[in-house]
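Structural description and commentary
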Amino acid sequence: MKDWSDGDVVERVLSGNRDAFGLLVERYQDQMLAYVKYMGFDDATAYDVVQDGFVRAFRHLGRCGDPERFDGWLFRIVANLCRTAGKRRSKRAMEALDDHRSTLVSQEPTPHERAEELDMRAHVESALETLPDDQREALVLMYLQGYSVNDIAELTDASQSAVKMRLKRGRDALKDRLGSYFTEATPA
Amino acid sequence: MKSDERIIRALMESVREDIRAPESLRADVMRRVHAIRVPVWRRALDWVLRPRTLRLSPAGGLAAAGALAVVLYLGIGSMGGGTPADAPVAQENDEPAPTRFVFIAPEASTVEMTGDFADWDPGAIRLRDERGTGVWIADVPLEPGVYQYVFIVDGQEWRPDPQAVSQVEDGFGRENSVVIVSEAVEL
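The notes below deal with the structure included here.

Basis of the calculations
- Residues numbered from 1 in each chain as written.
- Chains lettered and ligands numbered in written order.
- Predicted model: local features only at pLDDT ≥ 70, side-chain atom pairs only at ≥ 80, totals over all residues.
- Heavy atoms only, no water.
- Salt bridge = Lys/Arg side-chain N within 4 Å of Asp/Glu carboxyl O.
- Helix = DSSP H or I, 4+ residues; strand = E, 2+ residues; numbered from the N terminus.
- Buried < 20%, exposed > 50% of the residue type's maximum accessible area, 1.4 Å probe, protein only.
- Arc of directions from axis to C-beta.
- Contact = heavy atoms within 4.5 Å.
- Polar contact = N/O pair within 3.5 Å; in protein donor to acceptor, adjacent residues only side chain to side chain.
- Axes fitted to C-alpha atoms, helices over the stretch in contact; angles between N-to-C directions.
- Parallel < 35°, antiparallel > 145°, perpendicular 65-115°, else oblique.
- Nonpolar A, V, L, I, M, F, W, Y, C, P; charged D, E, K, R; others polar.
- Core = buried A, V, L, I, M, F, W, Y, C linked by side-chain atoms within 4.5 Å.

1. A short note on the pattern of salt bridges
According to the stated counting rule, one finds 25 salt bridges over all chains in the structure shown. In this structure, the salt-bridge partner of Glu154(A) is Arg69(A), at a minimum N-O distance of 3.1 Å. Note that Glu154(A) is positioned in helix 8 (residues 149–156) and Arg69(A) in the loop between helix 3 (43–59) and helix 4 (70–84), a separation of 85 residues in sequence. The partner of Asp4(B) in a salt bridge is Lys175(A), with the nearest N and O atoms 2.5 Å apart. Note that Asp4(B) is positioned in helix 1 (residues 3–13) and Lys175(A) in helix 9 (residues 160–177), a pairing that runs across two chains. By relative accessible area, which is 29% here, Asp4(B) ends up partly exposed. Among the residues examined, Lys175(A) registers a relative accessible area of 37% and is labelled partly exposed.

And the structure:
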């Protein structure tokens, strides 16, 4: 059963085997949850968005144009839910900072180095919060989820040139907001 | 790799987490999946519209073509005779008649719609612009009733239907359009 392709699973679900849909949930839940959390949603909202995404995918499974690319179709559902849930996005950067500061004392290698890492993370999270959704999404998909420009174009139903533009603008915006990290790296 | 690109990668890497979905997520999804009752008309529509792969040997293909030719011959032959009174009574169609939605957006690359009848799923229904004139059309089977809906242009912009009978506030600062689907009347 675990050797079934996504297309095989979709076919079985559409034939009435609802339990088979659980395979698709297992395959893609981590990836979808990671995307939603990287897009700035707190844990509880991310959980709800991903759960709703899978349920909607099940409801409309008959309209999945290419069942072998179920993940791409599911991604578009989840991404759309993120857009409509935008108002509920809150405090992820501050939550991350608070969570990690509470464990600061026990972290290696040294408290000072660890504090720098955590501060960098908090700064990057805050900078990402200020980006338009399409730029943030492009940066997340490329740098955190390992997709190529071509993959991102397919996932987001955009042209490759549009994706490249979003990446460029996103990088420029990060450089603008996190300028100190770039000047520190500049050789004297 | 340019130094700026290396720095960007390092900065993005700082927010990477090992994210694993909790066990409860799969269980919660499957609980909701098993609770869903799919309407007969939706199952029928999905069954009809779902693409299938048909495998046929050359001999099988010839046999199928021959059988189709016989059926057509007999069918066409029987149409020449008979009176309207002999015609079989049409079976009552359980599927609702489609309601046509039209949205004019020459600048759009994609137009979708959603509403009460699609659980407000943003990607539920894609309109088509077959002639490339910016006139987007979808035919949606709807039972008689009153429905709210909205169009989504290029996956981003939610727009009400300027041709709708009325608009209502959606409670989130936007407007939904209203369509009234009435019972079919026999004349």
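2. Section: helix 1 of chain B
Glu5(B), Ile7(B), Ile8(B), Leu11(B) and Met12(B) are the residues of helix 1 of chain B that are buried. Looking straight down helix 1 of chain B, one finds its buried side chains confined to an arc of 160°; they lie on one side.

3. A word on the environment of Gly155(B)
Mapping Gly155(B) onto the fold places it in the loop between strand 5 (145–153) and strand 6 (157–159). Along the sequence, Gly155(B) and Glu112(B) sit 43 residues apart, while their C-alpha atoms lie 7.4 Å from each other. For Gly155(B), the contacting residues outside a window of four places in its chain are Asn80(A), Arg83(A), Thr110(B) and Glu112(B).

4. Focus on the interface of chain B and chain A
At the junction of the two partners, chain B supplies 48 residues and chain A supplies 48 residues. The tally of links between chain B and chain A comes to seven salt bridges. Note that Arg126(B) and Asp157(A) form a salt bridge whose closest N and O atoms lie 3.5 Å from each other. Taken together, the links from chain B to chain A amount to 19 residue pairs in polar contact (both at pLDDT 80 or more). Residue assignment for the side of chain B that touches chain A shows that the elements contributing at least two residues are helix 1, helix 2 (23–35), helix 3 (40–49) and strand 3 (125–126) of chain B. With 11 residues, the top contributor of residues to the side of chain B that touches chain A is helix 2 of chain B.

5. Comments concerning the packing of helix 4 of chain A against helix 8 of chain A
All names here are of chain A. At a minimum axis separation of 8 Å, helix 4 and helix 8 run at an interaxial angle of 60°. If you check the angle between helix 4 and helix 8, you find them oblique. Every residue of helix 8 that contacts helix 4 at Gly72, Phe75 and Arg76 is listed here: Glu154, Leu155 and Thr156. A per-class count over the contact of helix 4 with helix 8 returns two nonpolar, two polar and two charged.

6. A word on the nonpolar core
A general feature of soluble globular proteins is that nonpolar side chains tend to end up buried together. In terms of nonpolar packing, the biggest core is built from 73 residues, with Phe21(A), Tyr35(A), Val36(A), Phe70(A) and Leu174(A) touching the most fellow members. At 11 residues, helix 2 (residues 21–38) of chain A tops the list of elements feeding residues into this core. Residues within four places of Phe21(A) in sequence aside, it is in contact with Val13(A), Phe54(A), Ala57(A), Phe58(A), Leu61(A), Phe70(A), Val29(B), Met30(B) and Val33(B). Judged by nonpolar contacts, the second largest core, of 22 residues, contains Phe103(B), Phe117(B), Tyr147(B) and Val153(B).

Functional significance is not addressed by these values, which are geometric in nature.
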